[in-house]
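# Inside the fold
One letter stands for each residue in the lines below.
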Amino acid sequence: MIRYNADWLVSRDPRPREIRETWMRDAPAMLRTGMHFEAVRLAAGVVGVLAGSGERDAVEGAFKAAGVASAVIVDPSGRWFYVLVPPGTAMGWDVPGIHVLAADHFLGVPAPYRADPPGTHWLLCPPQGEEELVDPGALRQLIAAACARVAVESAEAPGEGNHRASEPPWRSRRHPAT
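Residues numbered from 1 in each chain as written. Predicted model: local features only at pLDDT ≥ 70, side-chain atom pairs only at ≥ 80, totals over all residues. Heavy atoms only, no water.

## Some points on the pairing of strand 6 (residues 106–109)
Only one face of strand 6 is covered, namely the one carrying L107 and V109; the face carrying F106 and G108 has none of its residues buried. Here strand 1 (residues 29–32) pairs with strand 6 via four bridges, running antiparallel. Looking at the pairing, R32 lines up with F106 of strand 6. (Buried < 20%, exposed > 50% of the residue type's maximum accessible area, 1.4 Å probe, protein only. Helix = DSSP H or I, 4+ residues; strand = E, 2+ residues; numbered from the N terminus. Pairing = 2+ DSSP bridges.)

Shown next, in the form of structure tokens:
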């Protein structure tokens, strides 16, 4: 699943040696977003709604069904996914409650071989070039599908879907794995 070439991820960073040394210690390296990629911070509950489970295979399947085949990081707590998208995504991002780390942010990026917990790891393969970043449209569709599923579940179970209108419906849902 994981490819080990990380040249593209560090090619524009002024500290490629430092990043590689950090990865050799099996720690996430802090990479500046906005140069090669931006990152959409996605609550695990969003994908959990679609996956129906916190199991890795189900979560991977939910991403892949939405057209997301690579470039997804899991944070250590398991409550967030960081989906790597092309630079410039933040300027046109219009999904309320979903934050995009754009220029001048930093993201803890695991070593390219780090595919399992504990700690920050890749859920889906690290990108080896811009063409392997996630299409923001596919990510919007995943989020819309999760919102639709929550709306259906709320309609089927009256009284349980009391979400504030200004807040995305999954905010009050816990990821099935937590």
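Moving on, there is more to tell.
## Describing the nonpolar core
Membership of the largest hydrophobic core comes to 51 residues, with the highest contact counts inside it found for W23, L42, F63 and F81. Looking at which element gives the most residues to this core, the answer is helix 6 (residues 136–156), with six residues. If we skip the residues at most four places from it in the chain, F63 touches L42, V47, V68, V72, F81, V83, L123, L124 and L142. (Core = buried A, V, L, I, M, F, W, Y, C linked by side-chain atoms within 4.5 Å. Contact = heavy atoms within 4.5 Å.)

## A few points about the pairing of strand 2 (residues 38–43)
Across the six residues that make up strand 2, a large majority, five, are buried. Of the pairings in the sheet, the one linking strand 2 to strand 4 (residues 80–85) comprises six bridges and is antiparallel in character. Looking at the pairing, A43 lines up with W80 of strand 4. Here strand 2 pairs with strand 5 (residues 99–101) via three bridges, running antiparallel. Across the sheet, residue A39 finds its bridge partner in strand 5, namely L101.

## Structural notes on helix 6
Taking 1.5 Å per residue as the helical rise, helix 6 with its 21 residues ought to reach 30 Å, and the 30 Å between its terminal C-alpha atoms agrees with that figure. Those residues of helix 6 that fall on the buried side of the exposure criterion are P136, A138, L139, L142, I143, A146 and V150. Check the buried side of helix 6 and you find it contacts strand 2, helix 3 (44–51), helix 4 (56–65), strand 4 and helix 5 (89–92). (Expected span 1.5 Å × (residues − 1).)

## Quick look at unusual backbone geometry
Residues other than glycine predominantly adopt negative phi, and peptide bonds predominantly adopt the trans conformation. Cis rather than trans, the peptide bond between P117 and P118 has omega equal to 5°. Considering the arrangement of structural elements, one finds P118 in the loop between strand 6 and strand 7 (121–124). At A71, a residue that is not glycine, the phi angle is positive and equals roughly 65°. The backbone of D104 shows a phi angle near 70°, a positive value even though the residue is not glycine.

## Points about the pattern of salt bridges
Close approach of charged atoms allows side chains with opposite charge to pair. Taken as a whole, this structure holds 10 salt bridges when the rule is applied. For D104, the salt bridge identified is with R32, shortest N-O distance 3.2 Å. With D104 in the loop between strand 5 and strand 6 and R32 in strand 1, this pair connects stretches of sequence that are 72 residues apart. Using a relative accessible area of 61% as the deciding quantity, one classes D104 as exposed. Residue E60 is joined to K64 by a salt bridge in which the shortest nitrogen-to-oxygen separation is 4.0 Å. You can see E60 and its partner K64 sitting in helix 4, four residues apart, about one turn around the helix. Residue K64 is classed as partly exposed on the basis of its relative accessible area of 45%. (Salt bridge = Lys/Arg side-chain N within 4 Å of Asp/Glu carboxyl O.)

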